[in-house]
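Here are the chains, one letter per residue:
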Amino acid sequence: MTATAARTEHPAPQRHRHIPGEAGLWVFLLGDMIMFSVFFGFIAVLHGRHPRMFRASQQALHPDLGLLNTLLLLIASALVARGLRQLRSGRPARTLPWALLCALGFAAVKGVEYALVIHDGHTPSSNDFFMYYFVFTGIHLAHLAIGIGALAFLIVLSRRPPALSRGHLLAAEGAAAYWHMVDLLWLVLFPLFYLVA
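Residues numbered from 1 in each chain as written. Predicted model: local features only at pLDDT ≥ 70, side-chain atom pairs only at ≥ 80, totals over all residues. Heavy atoms only, no water.

## A few points about the packing of helix H5 (residues 96-119) against helix H7 (residues 166-195)
Logical step 1: Contact pair H5 / H7: the axes reach a minimum separation of 13 Å and the direction vectors enclose 30°. Taken as axis vectors, H5 and H7 run roughly parallel relative to one another. Between H5 and H7 lies a crossing whose hand is left-handed. For the pair formed by H5 and H7, the contact residues are Ala103, Phe106, Lys110 and Glu113 on the first element and Trp179, Trp186 and Tyr194 on the second. (Axes fitted to C-alpha atoms, helices over the stretch in contact; angles between N-to-C directions. Helix = DSSP H or I, 4+ residues; strand = E, 2+ residues; numbered from the N terminus. Parallel < 35°, antiparallel > 145°, perpendicular 65-115°, else oblique. Left-handed = near helix turned anticlockwise from the far one by under 90°. Contact = heavy atoms within 4.5 Å.)

The following block contains the structure:
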């Protein structure tokens, strides 16, 4: 028997590729990302048409608070990824409450920044920059609120018996994927509003 015939009789086992979460969730996430891409385009056009107004308005923001929020979301995403690995292996997901704390910290810091910006006399009616800033960061904050609910759901799941059912595992993966999208959106919003000169 030739080596070719042997390979034909016993094909190598194929690895099953697993897509985390439900397929429908990915359609929703993709749609959300497309919607935000359009928003990002609006901001880029505004910057191109009114560079002086854009730069002057940027000075009223607080990049240190924006950077702090970026770090909080990156840490939360790392903790969520680790927590999901722990759930998959049947171990307690001890990192998830810390991820939730980071998410709540983001919301608190964003509230402080809104208060500072408004106290300095800048509102959505001040100019197009602030209108986009408050609308798009507000929409992101609404996504974050849903993400906080997803993290709370993950924490509840982590308290179940060690072996999660396939349905629960898919739900956990979906919640984690949603959270990572929230993080990714901020990683684009932050440089667009705070850093692009």
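Next comes the rest of the account.
## Quick look at the packing of aromatic side chains
Logical step 1: For the structure shown, the criterion picks out 13 aromatic pairs.
Logical step 2: Summarising the aromatic geometry, the rings of Tyr114 and Phe134 are spaced 5.4 Å apart at their centres and angled 35° between planes, so their arrangement reads as tilted. One end of the pair, Tyr114, is in helix H5; the other, Phe134, is in helix H6 (residues 128-158), and 20 residues separate them in sequence.
Logical step 3: Its relative accessible area of 15% is what places Tyr114 among the buried residues.
Logical step 4: Using a relative accessible area of 12% as the deciding quantity, one classes Phe134 as buried. (Phe/Tyr/Trp six-rings, centres within 6.5 Å; stacked < 30°, edge-to-face > 60°. Buried < 20%, exposed > 50% of the residue type's maximum accessible area, 1.4 Å probe, protein only.)

## Side note on H5
Logical step 1: Here H5 spans 35 Å end to end across 24 residues, near enough to the 34 Å set by a 1.5 Å rise per residue.
Logical step 2: Residues Leu96, Ala99, Leu100, Cys102, Ala103, Phe106, Val109, Lys110, Glu113, Tyr114 and Val117 constitute the buried set of H5.
Logical step 3: Taken together, the buried residues of H5 touch helix H4 (63-88), H6 and H7.
Logical step 4: Immediately downstream of H5, the backbone of Gly121 shows phi near 95°, a positive value. (Expected span 1.5 Å × (residues − 1).)

Spatial relationships are all this shows, so hold off on functional conclusions.
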